Amino acid sequence: MRTQIGIVGAGPAGLLLSQLLHLQGIESVVLERQTAAHVQGRVRAGVLEGGTVELAKLAQCGDRMAREGLVHEGADFCFGGARHRIDFAARTGGKSVLVYGQTEWTRDLMAARAARGGTVIYEVEDVALHDIDSDAPRLTWRKDGEEHELTCDFIAGCDGFHGVSRNAIPDPVQRRFEKAFPFAWVGLLSDTKPVSDELIYINHEDGFSLCSMRSATRSRYYLQCPLQDSVGDWSDDRFWTELSRRLPEDRREGLETGPSLEKIVTPLRSFVCEPMRHGRLFLAGDAAHIVPPTGAKGLNLAASDVRYLSQALTGFYRDNSTDLIDAYSATCLRRVWKAQRFSHWLTGLMHRYPDASDFDRRLQLAELDYIARSSAAQTALAENYVGLPFE
Ligand code: FAS
Ligand code: PHB
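Definitions and cut-offs
- Residues numbered from 1 in each chain as written.
- Chains lettered and ligands numbered in written order.
- Predicted model: local features only at pLDDT ≥ 70, side-chain atom pairs only at ≥ 80, totals over all residues.
- Heavy atoms only, no water.
- Helix = DSSP H or I, 4+ residues; strand = E, 2+ residues; numbered from the N terminus.
- Rg over C-alpha atoms; globule rule 2.2 N^0.38 Å.
- Buried < 20%, exposed > 50% of the residue type's maximum accessible area, 1.4 Å probe, protein only.
- Areas by Shrake-Rupley, 256 points an atom, 1.4 Å probe, with all protein chains shown as cover.
- Near = heavy atom within 4 Å.
- Polar contact = N/O pair within 3.5 Å; in protein donor to acceptor, adjacent residues only side chain to side chain.
- Pairing = 2+ DSSP bridges.
- Nonpolar A, V, L, I, M, F, W, Y, C, P; charged D, E, K, R; others polar.
- 1 Å grid on protein atoms, 1.4 Å probe; cavity = no way out; pocket = protein on both sides within 12 Å on 5 of 7 lines; lining within 4 Å.
- Points joined across faces, edges and corners; volume = space filled by probe spheres on them.
- Phe/Tyr/Trp six-rings, centres within 6.5 Å; stacked < 30°, edge-to-face > 60°.

A.B. asks: Hey, could you go over the overall build of the protein for me, with residue numbers and the actual values?
C.D. replies: Helices and strands together make up the secondary structure of the protein, namely 12 helices and 20 strands. The globule rule puts the C-alpha radius of gyration for 391 residues at 21 Å, and the 21 Å found for the protein is close to it. For the protein, buried positions account for 53% of its 391 residues. For the protein, the computed accessible surface area is about 16,600 Å², with 49% contributed by carbon and sulfur atoms.

Following this line, the structure appears as structure tokens:
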């Protein structure tokens, strides 16, 4: 097989890149190891920055998102039993975020690629990258017992944290920066009315909680839990009881409980691979970086990488220019590290650290109290939450 761009991974990054390139007349082939149903069934992100929503429109896969997504102009931050709403729109000149599940957007992206005859090959095995230092890189894989090969001009590694692409960057070149957090999140999805119209971030004596949603009838909740916990440790009853305890008193009454549709325990980690480009290989999304989900940046970072990469590849084919290609890694990493900074800061602000001293706890509460009373502090939080401007 021959194409212009070989893409590994059919998650949001790989599908969005394939769609944006197609609209510029650039061919791609996407290789995915799971089934389409498996990819679509993964419940992950829920909050999209305005820049991500704009990119979805540009990719002609944002119609349902615009119809069904929930515009949120603020969120509540709770500590010491009190609720403080931060008005994102007032602090950022009218910017907001859109609540729209990653599963829904993945469905829209899959439909858009299928409608335009995109080549997405599911259930492939043993994808391998070859000759990424040459101008004729190759991908090989196995499917239904048969060996396959794709020659292309460039490879986009969009295969997530556990993919193979990152490892194609040789060790002396590749630098990894990582930090593991001493706690995890247990997440629950339920067809129950959300406890509030907007998200609630809670710093409670017994740990962080987050009240989010996917629609007016589907809720998404998270509780901080010990790293060693597993889903089996968290019955629905235990989850609802603990969530209710951590809610501010005036919200407890309105908590609607019900059977979980899905439960996960996910550890929190920060990770960055530098550079995000080596030869004819570009990394985008979770293949290059992971942020703790506290700041809702993971999916949005994947979208911003793809924005830069699609612009760079378009510049190569349309203007025969390598300027944006050569700048890709540095441009992405400036945005990635700012998102890492915000996610790390918000995680530190909202979680209970097992080894925190009483002094640390007082500092945390003092910073929360400062944010609750300072328009400058609220503006800093809001401008990061809604998404920093693109370069
Ligand atoms: P993805 O991991 O989504 O997609 C990579 C694709 O590559 C997958 O489909 C995988 O099957 C495929 N692949 C992997 N190896 C392959 C191989 N060798 N060959 C072929 N295909 C291969 N972000 C938020 O903003 N908010 C959240 O609340 C949030 N919650 C999360 C919860 C969990 C449990 C996880 C794991 C992530 C969460 N994220 C969250 C982050 C998440 O949304 C990612 O940022 C987003 O999925 C990134 O998209 P991709 O880069 O496309 O990677
Ligand atoms: C979610 O709805 O899954 C979500 C929302 C905001 C976050 C993290 C996760 O900060």
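A.B. asks: I'd like a rundown of the site of ligand 2, residues and numbers included.
C.D. replies: Every one of the 13 residues lining ligand 2 counts as a neighbour, but Tyr201, Ser212, Arg214, Tyr222 and Thr294 are closest to it. A distance of 2.8 Å separates an oxygen atom of ligand 2 from a polar side-chain atom of tyrosine 201. Within the backbone of proline 293, one N or O atom sits 3.1 Å away from an oxygen atom of ligand 2. In isolation ligand 2 exposes 280 Å². Once the protein is present, 97% of that is buried.

A.B. asks: Could you give an account of the pairing of strand 16 (residues 219–225), with specific residues and numbers?
C.D. replies: Of all 7 residues in strand 16, 7 are buried; the element is thus mostly enclosed. Alternating residues of strand 16 divide into Ser219, Tyr221, Leu223 and Cys225 and Arg220, Tyr222 and Gln224, and every residue in both groups is buried. Across 7 bridges, the pairing between strand 13 (residues 175–190) and strand 16 is antiparallel. Of the residues in strand 16, the one forming a bridge with alanine 184 is cysteine 225. With 5 bridges connecting them, strand 15 (residues 207–213) and strand 16 associate as antiparallel partners. Across the sheet, the residue bridging to leucine 210 is tyrosine 222, located in strand 16.

A.B. asks: Go over the site of ligand 1 with me, naming the residues and quoting the values.
C.D. replies: What surrounds ligand 1 is a group of 29 residues, the closest being Glu32, Arg42, Arg44, Gln102 and Asp286. Within the backbone of proline 12, a nitrogen or oxygen atom sits 3.3 Å from an oxygen atom of ligand 1. Contacts to ligand 1 include arginine 44, whose side-chain N or O atom sits 2.8 Å from an oxygen atom. Taken together, the residues of the shell around ligand 1 break down into 13 nonpolar, 9 polar and 7 charged.

A.B. asks: If you had to explain the pairing of strand 15 to someone new, which residues and values would you point to?
C.D. replies: Each regular strand carries side chains that alternate between the two faces of the sheet. Buried residues dominate strand 15, accounting for 7 of its 7 residues. Bridge analysis of strand 14 (residues 200–204) against strand 15 gives 5 bridges, and the strand direction is antiparallel. Residue pairing for strand 15: histidine 204 is matched across the bridge by glycine 207. Hairpin remark: strand 14 followed by strand 15, antiparallel, with 2 residues in the connecting loop. Adjacent in sequence and paired antiparallel, strand 15 and strand 16 are bridged by 5 residues.

A.B. asks: I'd like to hear about empty space enclosed by the protein, residue by residue, with values.
C.D. replies: This model, assessed by the stated rule, comprises 2 cavities of 30 Å³ or more. Here the largest cavity is characterised by a volume of approximately 50 Å³. If you trace the largest cavity, you find it lined by Phe77, Phe79, His84, Ile86, Leu349, Leu368, Ile371, Ala372 and Leu381. Elements represented by at least two residues in the lining of the largest cavity include exactly strand 5 (74–79), strand 6 (82–87) and helix 11 (358–373). Looking at which element gives the most residues to the lining of the largest cavity, the answer is helix 11, with 3 residues. Looking at the lining of the largest cavity residue by residue, the class counts come to 8 nonpolar, 1 polar and no charged. When its volume is computed, the second largest cavity comes out at roughly 30 Å³. Lining the second largest cavity are Val47, His72, Gly74, Ala75, Phe88, Val97, Val99, Leu199 and Tyr385.

A.B. asks: Residue-level account of the packing of aromatic side chains, with values.
C.D. replies: A full pass over the atoms with the stated rule returns 20 aromatic pairs. Between phenylalanine 316 and tyrosine 317, the ring centres sit 5.0 Å apart and the planes meet at 85 degrees, which makes this aromatic pair edge-to-face. Taking the relative accessible area as the measure of exposure, phenylalanine 316 reaches 19% and is therefore buried. Residues phenylalanine 342 and tryptophan 345 carry aromatic rings whose centres are separated by 6.0 Å and whose planes lie at 35 degrees to one another, so their mutual orientation is tilted. Here phenylalanine 342 pairs with tryptophan 345, and both are found in helix 10 (residues 323–350), just 3 residues apart, close to one helical turn. When its relative accessible area of 1% is taken as the criterion, phenylalanine 342 is described as buried. Residue class for tryptophan 345 comes out partly exposed when judged on its relative accessible area of 23%. Here the aromatic cluster, defined as three or more aromatic residues joined through ring pairs, consists of Phe77, Phe88, Trp185, Tyr201, Phe208, Tyr222 and Tyr385.

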